[in-house]
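Each chain, written out:
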Amino acid sequence: QVQLVESGGGLVQAGGSLRLSCAASGRTISTYAMGWFRQSPGKEREFVAAINWYAPHTVYADSVKGRFTISRDNAKNTIYLQMNSLKLEGTAVYYCAEGTRYKQVARRNEYGYWGQGTQVTVSS
């Protein structure tokens, strides 16, 4: 069992920045991939970014490349999402996810555990 808790969401103006955190606990010894997804009302949960827990490799959705950065702190069992140059379409609930392999990391079914999400609202 793995528990994930997101934090850092809030209200920001377009063009601003926000940093999200996801703390993992429980049985994390088999963790290979950690990812961020987001979901807006009426839309499917979409991939944002993923990071390999051991290798220096990351993957980003085209919509956030150059603006968002995913990182990790293995000692703290925590991943982060630094969001810069936020756009109105960035408004969503952001979810952290954990998986036991690093293959098709942009797919939701690659992850076995999910956090409850943290709300990010971007205003004009």
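Residues numbered from 1 in each chain as written. Predicted model: local features only at pLDDT ≥ 70, side-chain atom pairs only at ≥ 80, totals over all residues. Heavy atoms only, no water.

K.L.:
Give me the lowdown on unusual backbone geometry, citing residues and values where you can.
P.N.:
Even without glycine at this site, N77 takes up a positive phi of about 50°. Its location among the elements puts N77 in the loop between β7 (68-73) and β8 (78-83). Positive phi, normally seen in glycine, also occurs at S85, with a value near 50°. We classify S85 as partly exposed; its relative accessible area is 40%. (Helix = DSSP H or I, 4+ residues; strand = E, 2+ residues; numbered from the N terminus. Buried < 20%, exposed > 50% of the residue type's maximum accessible area, 1.4 Å probe, protein only.)

K.L.:
Let's hear about the sheet that holds β8: which residues, and what values?
P.N.:
Within the open sheet, the 4 strands sit side by side as β1-β3-β8-β7. Their pairing is antiparallel. Of all strands in the sheet, those with a lone pairing partner are β1 (2-7) and β7, marking the two edges. Taking each pair of neighbouring strands and ignoring which way they run, the sheet shows an average axis angle of 15°. The sheet contact formed by strand β3 (residues 18-26) and β8 spans 6 bridges and is antiparallel. The partner of L20 across the bridge, within β8, is L81. (Pairing = 2+ DSSP bridges. Axes fitted to C-alpha atoms, helices over the stretch in contact; angles between N-to-C directions.)

K.L.:
Summarise the pairing of β8; cite the residues concerned and give the values.
P.N.:
Burial runs high along β8: 5 of the 6 residues are buried. As defined by bridge partners, β7 adjoins β8 across 6 bridges and the pair is classed as antiparallel. Along β8, the bridge assignment pairs R72 with I79. Connecting β7 to the next strand, β8, in antiparallel fashion are 4 residues, including N77 with a positive phi near 50°.

K.L.:
Tell me what's going on with the side chain of T118, and back it up with residues and numbers.
P.N.:
Considering the arrangement of structural elements, one finds T118 in strand β11 (residues 118-123). Since its relative accessible area comes to 10%, T118 is described here as buried. A polar atom in the side chain of T118 sits 3.2 Å from the backbone nitrogen of G9. Aside from chain neighbours lying at most four places away, what touches T118 is E6, S7, G8, G9, L20, A92, V93 and Y94. (Polar contact = N/O pair within 3.5 Å; in protein donor to acceptor, adjacent residues only side chain to side chain. Contact = heavy atoms within 4.5 Å.)

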